[in-house]
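Structural overview for review
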Amino acid sequence: MKTYASRAVVLLCLLGLVVALQVEYDKTAVPFGFPQGQSSTSPEIIRIVDLGFHSTVGSFLWIGTMPEIIDLFRKRTEYLQDVAFINAIDPKLSYPYAFSVLTLPAIPPQVFPDGVKDALAIGAQGIAQSDPDWRIPYYMATNYYLNLKDQKSALEYYDIAARTPGVPDFARRFATNFGIGDNERDTTIKLWESIRDTTNDDFTKARAQAYVDRLNMFNYLDAASAVYKKRFGSFPASPDDLVAKKIIPAVPEDPFGYTFIINSNGQAGIDLTKIPTDPQTAIGE
Amino acid sequence: MEIRDKILYAIVAFGIFYIVLTLFFSQLTLGELQMTKSFGLAGIYFFNAIIALFLGTTSFYKDVDRKVVYFLFSKPVTRAQFLLGKFFGLCLVLLVASAMLGLVYFGIVLYEHGGFDFVGLLAIFMQFLEMALFIAFAIFVSTFSSSLVSIVFTSAVFFIGHVVSALLTDAKAIGLGGIQYRLVQLIYYVVPNLEKFDIRDLAIHSVPMPLASFGLALAYAAAYITLLLGGAIWIFDRKEI
C-alpha cells in the first residue's frame with residue numbers, strides 16, 4: 001500500500017513538473033511572427049487537406065468568426081480578414097456575406113468608418129460567388145437607399161433580390177414595388193429609364209423597360225381615376241369600374257403579376273393580399 | 001459477426017449524438033439551413049469512414065487470426081466466396097449505419113426547415129459508394145499484410161485519394177514538367193480518386209450534379225471495387241493459411 005502511494009506521489013510530481021515546464025516554455029517561446037488576426041495557413045492549403053470538407057470547415061470557422069463583429073466596435077478588424085478567409089475556403093457559403101452586408105453598416109462610423117463600403121464590397125462578391133441568397137442584394141439595396149441615398153443602385157439590387165430563387169413573399173413584394181408611391185414614382189421612372197439607356201446588358205435593359213412600363217401603368221390608372229372622379233363625383237372602387245364606364249379599354253396587365261387596385265384616395269396601387277404565383281423572373285430572358 | 005461488435009454500436013451512437021448536435025450548431029448561426037446540412041452530412045461521412053476503416057481493416061484479419069477461416073473452408077465455401085461475402089456483408093453493415101445516421105439527419109432537416117433533402121440523399125449515397133471502395137481497398141491490403149499495416153495503407157489512400165486532384169492542379173500551376181509531372185499523373189490516375197464521390201458541397205449549396213458525372217462516378221466505383229476484389233481473391237487464393 002505504501003509503495004502504491006509513493007508511486008502515485010512520484011507520478012503526480014512528474015505530472016506537475018511537466019505542467020510547470022510547459023508553462024515556463026510558453027513564456028520563453030519565440031512568437032511565430034504572423035501579424036495579429038492573420039492565419040498561418042492559407043485557404044488553398046486548407047482546401048487541399050480538408051478531405052473535401054470545404055463547406056463544413058467554412059461553416060465551423062464561421063461559428064467562431066460571427067461574434068468577432070463585436071470587436072469592430074473596439075476598432076479590431078480581424079472579422080473582415082476572417083470573413084475573407086472563410087469565403088476563400090467556401091466561396092458559396094452565403095451566410096457570411098449576408099450577415100456582413102446587414103451588420104457592418106450598423107457599426108457607428110466614428111469607430112468603423114468603412115462599414116457601408118466594406119459591406120457593399122462583400123455583398124457584391126457574395127452575389128458573384130455564393131449560393132443564390134436574396135438577403136445579400138436585399139440588404140445591399142437597403143444600404144444604398146438608407147445610407148448612401150443612392151436610389152438607382154437600390155432599385156437595381158432590389159430587382160436582383162426580387163428574382164432570386166427562394167425569396168420570401170414579403171421581401172419580393174417590397175422589392176418589386178419599391179418606389180411606386182405617387183410621390184416618388186416619377187423619380188423611379190427616370191432612374192429605370194436611365195438604367196435601361198445606359199446598360200449594355202439585354203437582360204437588365206428588358207427588366208428596366210418592364211419596370212418603366214409598370215410605373216406608367218400606375219400613372220395611367222391615376223389619370224383615369226381622376227377622369228372618373230370628374231365625371232361621377234367619386235373615385236372608382238376598382239380598375240374594373242374604369243373599364244365599365246369606358247374610360248379605359250381594359251385594365252392593364254402588370255408585367256410582374258400583381259393585381260392593380262384603386263385606393264380610397266383614387267391612387268392606383270397593388271392588391272397586397274394577392275401574391276403572384278409566378279414571380280416573373282423570366283422577364284428579360 | 002461485425003454487428004456483434006460493441007465498438008460499432010458505440011460509433012453509431014456517437015454519430016447519432018453528433019448529428020443531433022447539429023441542431024445546436026445551426027442555432028449558433030441563427031438556424032441557417034446550410035449549416036445544418038454542412039455539419040450533418042459531414043458527420044455521416046466522418047462516422048461512416050471510421051466504421052469502414054475499423055471494419056475493413058480488422059474483419060479479415062480477425063477471421064484469419066481466430067482461425068474462423070479453417071471452419072469456413074471445411075464447408076463448400078471457396079476463398080472467393082468468402083472474400084465477396086465479407087465485402088458485401090461489410091457494405092450491408094455500412095448501409096445500415098448510413099441509414100440510421102441518415103434518418104436522424106433527414107429528421108433534423110425536416111424539423112428545422114420543413115422539407116426533404118433529396119440532394120442530401122444523393123450525397124449520402126455517393127458517400128456510401130466511396131466507403132464501399134474504401135472497404136474493398138482495406139480487404140485487398142489485408143490479404144497480404146497485417147491489420148496495422150492495413151490501417152496505415154488504407155488511411156494513407158483515404159488521404160491521398162482526396163488530395164490527388166489538387167496535387168495535379170498544383171503540379172500544372174507551378175509548371176512541373178518531365179518525369180516529375182508524369183509521376184504525379186501516374187498517382188492521379190492509379191490511386192483511387194475519391195473526390196468524385198464528394199458531392200456534399202453541391203448538396204449543401206443546392207448545385208445540380210451533371211447526370212454524366214454521377215454515372216461515371218458509379219462506373220468508376222464499380223470498376224475499382226471489382227479490380228480490388230479481383231486482386232484480393234488472386235492473392236488470397238495463393239496464400240497459405
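Scroll up to find the structure.
This report concerns the structure included in the present document. These figures come from a predicted structure and were not determined experimentally.

**Overview of the environment of G31 of chain B**
Residue and element names in this part refer to chain B. Along the polypeptide, G31 turns up in the loop between α1 (6-28) and α2 (33-65). Considered as a pair, G31 and E112 are 81 residues apart in the sequence and their alpha carbons are 7.6 Å apart. In this structure, G31 is in contact with S26, E112 and H113, ignoring residues within four places of it in sequence.

**Thoughts on the pattern of salt bridges**
Evaluated as defined, the whole model comprises 12 salt bridges over all chains. Here D133 of chain A ties to R135 of chain A by a salt bridge, and the two come within 2.7 Å at their closest N and O atoms. Relative accessible area serves as the criterion here: at 9%, D133 of chain A is assigned to the buried category. Take R135 of chain A: its relative accessible area is 16%, and that puts it in the buried class. Ionic pairing is found between K86 of chain B and D63 of chain B, a salt bridge with its closest N-O pair at 2.9 Å. Linking K86 of chain B in helix α4 (residues 79-113) with D63 of chain B in helix α2, this pair joins segments that are 23 residues apart in sequence. The exposure classification of K86 of chain B matches that of D63 of chain B, with both residues buried. A single network of salt bridges, built from pairs that share partners, joins D159, R163 and R207 of chain A.

**Structural notes on the packing of aromatic side chains**
For the coordinates displayed, the defined rule picks out 41 aromatic pairs over all chains. When the ring of Y211 of chain A is compared with that of F256 of chain A, the centres are 4.5 Å apart and the planes differ by 35°; the resulting orientation is tilted. Linking Y211 of chain A in helix α11 (residues 202-232) with F256 of chain A in the loop between α12 (239-244) and β1 (260-262), this pair joins segments that are 45 residues apart in sequence. The exposure classification of Y211 of chain A matches that of F256 of chain A, with both residues buried. With 6.2 Å between their ring centres and 45° between their planes, F125 of chain B and F214 of chain B make a pair best called tilted. In this pair, F125 of chain B is assigned in helix α5 (residues 118-142) and F214 of chain B in helix α9 (residues 211-238), connecting sequence segments 89 residues apart. Owing to a relative accessible area of 36%, F125 of chain B belongs among the partly exposed residues under this scheme. Over the ring of F235 of chain A we find K229 of chain A, and its NZ or CZ is 4.8 Å from the ring centre. The lysine or arginine in question, K196 of chain B, covers the ring of Y220 of chain B, its NZ or CZ lying 3.6 Å from the ring centre.

**Brief notes about the interface of chain A and chain B**
On the side of chain B, 24 residues touch chain A, which itself brings 20 residues to the contact. Counting the surface lost from both chain A and chain B, the interface buries some 1,900 Å², and carbon and sulfur atoms represent 65% of this. Inspection of the region where chain A meets chain B yields zero salt bridges. Looking at the side of chain A that touches chain B, the element that brings in the most residues is helix α3 (residues 54-65) of chain A, giving seven residues. Considering only residue class, the side of chain A that touches chain B consists of 10 nonpolar, six polar and four charged.

Rules used in this analysis
- Residues numbered from 1 in each chain as written.
- Chains lettered and ligands numbered in written order.
- Predicted model: local features only at pLDDT ≥ 70, side-chain atom pairs only at ≥ 80, totals over all residues.
- Heavy atoms only, no water.
- Helix = DSSP H or I, 4+ residues; strand = E, 2+ residues; numbered from the N terminus.
- Contact = heavy atoms within 4.5 Å.
- Salt bridge = Lys/Arg side-chain N within 4 Å of Asp/Glu carboxyl O.
- Buried < 20%, exposed > 50% of the residue type's maximum accessible area, 1.4 Å probe, protein only.
- Phe/Tyr/Trp six-rings, centres within 6.5 Å; stacked < 30°, edge-to-face > 60°.
- Lys NZ or Arg CZ within 6 Å of the ring centre and 35° of its normal.
- Buried area = accessible area lost by both parts, 1.4 Å probe.
- Nonpolar A, V, L, I, M, F, W, Y, C, P; charged D, E, K, R; others polar.

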